[in-house]
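# What the coordinates show
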Amino acid sequence: MDSSDLARITRFARQDVGRYLAAHPEGRYPAPLVRELARLGAFGATVPAEYGGGGWSRRHVAVLGYELGRAWQPLAGLVGTHLKLCRLVLEHGTPEQRGDWLGPMARGAAVFARAYHEQGLGSPAELRTLVSHRGAVGVLNGRKSWVTNARDADRVVAVARSGDAVVGVIVDPGRPGVAVGPELPRPGMLGVSLAEITFDDYEFDPEREVLGGRWHDLTGALNGHDVTSYAARAVGSADAVVAHALAFARAALDGRTAEAGGAIRLRVGELLTRLAVMRTVWQSLLEADASEARARPDGSEARVGPDASAGMTSEAAKVFCTEALQEVVRVAAALCGGAGYAAPDGVLGRHYRDALALLIVGAPNDVLLSRIGGRALGAG
Ligand SMILES: Cc1cc2nc3c(=O)[nH]c(=O)nc-3n(C[C@H](O)[C@H](O)[C@H](O)COP(=O)(O)OP(=O)(O)OC[C@H]3O[C@@H](n4cnc5c(N)ncnc54)[C@H](O)[C@@H]3O)c2cc1C
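As the structure is a prediction and not an experimental result, all values here were calculated from the model.

Rules behind the numbers
Residues numbered from 1 in each chain as written. Predicted model: local features only at pLDDT ≥ 70, side-chain atom pairs only at ≥ 80, totals over all residues. Heavy atoms only, no water. Salt bridge = Lys/Arg side-chain N within 4 Å of Asp/Glu carboxyl O. Helix = DSSP H or I, 4+ residues; strand = E, 2+ residues; numbered from the N terminus. Buried < 20%, exposed > 50% of the residue type's maximum accessible area, 1.4 Å probe, protein only. Axes fitted to C-alpha atoms, helices over the stretch in contact; angles between N-to-C directions. Parallel < 35°, antiparallel > 145°, perpendicular 65-115°, else oblique. Left-handed = near helix turned anticlockwise from the far one by under 90°. Contact = heavy atoms within 4.5 Å. Nonpolar A, V, L, I, M, F, W, Y, C, P; charged D, E, K, R; others polar. Domains from an automatic or database assignment. Buried area = accessible area lost by both parts, 1.4 Å probe. Polar contact = N/O pair within 3.5 Å; in protein donor to acceptor, adjacent residues only side chain to side chain.

### Here we look at the pattern of salt bridges
In the structure shown here, the tally under the stated rule is 25 salt bridges. When the shortest N-O distance is used, the salt bridge between Arg-353 and Glu-26 registers 3.0 Å. With Arg-353 in helix 11 (residues 347-358) and Glu-26 in the loop between helix 1 (3-23) and helix 2 (31-39), this residue pair connects regions lying 327 residues apart in the sequence. For Arg-39, the salt bridge is made with Glu-36, and the minimal N-O distance between the two is 2.8 Å. Taken together, the positions of Arg-39 and Glu-36, both in helix 2 and 3 residues apart, correspond to about one turn of that helix. With a relative accessible area of 23%, Glu-36 lands in the partly exposed category. Salt bridges sharing partners connect three or more residues here, namely Arg-267, Glu-270, Arg-274, Glu-327 and Arg-330.

Below, the structure is given as structure tokens:
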């Protein structure tokens, strides 16, 4: 990857996405934006160059999440999910699966979604979706509660219990046995679909269509995954909200009473302070990642996950930045008054509604907090 790729995507995210949203209903699938992101190489960011991807560093992938979060969270969710699945195919796919899928995934010709979660699921061992076998044919049955991009993805990786293993079936949603439910009502994260998926005797080839082969266990990959991208998306959103509030404040100061001017300055100071701390937390996460990478003799990059030895973990950064974002949008709404709550451009309202989802996606903040606390107390 060269830095001009990221610069082109940044330009697209900061200019074209806003123009698109101003001209189209927020609830419509943004096919032109997805096509353009594919052309710009965003879908191949985590795919190595030998498979036709950009082979971006983890820092650049995080900046991509930041820019898309700044622009529009549903788009960030669609791309972020796909990029995680590129990594999963790279790390767990058979050589044939890597050869078959990584090229089309990198080009955005095969966009992947993930069907992992089932309501109230505590751990992969509790999955209710099951794989059975009828001779040489695999059969998938079960229901997944919330799948981002369920309606438009080319393939869906469905995790299920298969004997003692937790496997990932690469599902073709166009084949019999897959039903995508109606759009789930929600306050935000519109545009990219969010729906249940039901598998009813979906038949597949267990050697070719289970990631890593028939019995390949994904439990390790599913437990304690990296949540850096959600922190990046929260900081991006906060940056957009603060920029919006600053523009309002600059225009609003003229002709106000001394009392109103003072209140506006105070709110701006509060927003900038919160944003500065969010950026610092995010940057320290990226620094921890980079210093671990430098320490590795082969130059490969370390996974900044829950067990990163540096003080900042992706879990702590995700919780802090997504919680701080709620306060940033609330303060910005208070500052902008009616022009924030009910403005024709709808920017603040959109970030406000989308921000709520960041408390839940990836892993709920409460789950992450109890994991962090549990580890400190020797219980996790
Ligand atoms: C916008 C959106 C997009 C999503 N996209 C996808 C997707 O593409 N693919 C996919 O597979 N899933 C997706 N999900 C599902 C998401 O992963 C789950 O909603 C999330 O993991 C929480 O699970 P749950 O809703 O079943 O919450 P529950 O498990 O019912 O938990 C509810 C609350 O109980 C508390 N709690 C539960 N367990 C614990 C614990 N161990 N420690 C502390 N507190 C706990 C927390 O406060 C938690 O928020 C999406 C969800 C949303 C909202």
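That covers the picture; the talk isn't over yet.
### Looking at the packing of helix 4 (residues 73-92) against helix 5 (residues 95-107)
Across the interface, helix 4 lies against helix 5 with an axial gap of 10 Å and an inter-helix angle of 160°. Viewed along their axes, helix 4 and helix 5 adopt a mutual orientation that is roughly antiparallel. By crossing handedness, the relation of helix 4 to helix 5 is classed as left-handed. Side by side, helix 4 and helix 5 meet where His-82, Leu-85, Cys-86, Val-89 and Leu-90 of the first sit next to Gln-97, Arg-98, Trp-101, Leu-102 and Met-105 of the second. Tallied by class, residues from the contact of helix 4 with helix 5 come to 7 nonpolar, 2 polar and 1 charged.

### A short note on the domain arrangement of the protein chain
Domain assignment breaks the protein chain into domain 1 (3-110), domain 2 (114-217) and domain 3 (224-376). A straight line from the C-alpha centre of domain 1 to that of domain 2 covers 22 Å. If you look at the interface, domain 1 gives 23 residues, while domain 2 gives 21 residues. Taking both partners together, domain 1 and domain 2 bury about 1,800 Å²; carbon and sulfur atoms supply 65% of that area. Linking domain 1 with domain 2 are 7 residue pairs in polar contact (both at pLDDT 80 or more), by the criterion used here. Of all the secondary structure elements, the ones that give two or more residues to the side of domain 1 that touches domain 2 are helix 4 and helix 5. Ranked by residues supplied to the side of domain 1 that touches domain 2, first place goes to helix 4 with 11 residues.

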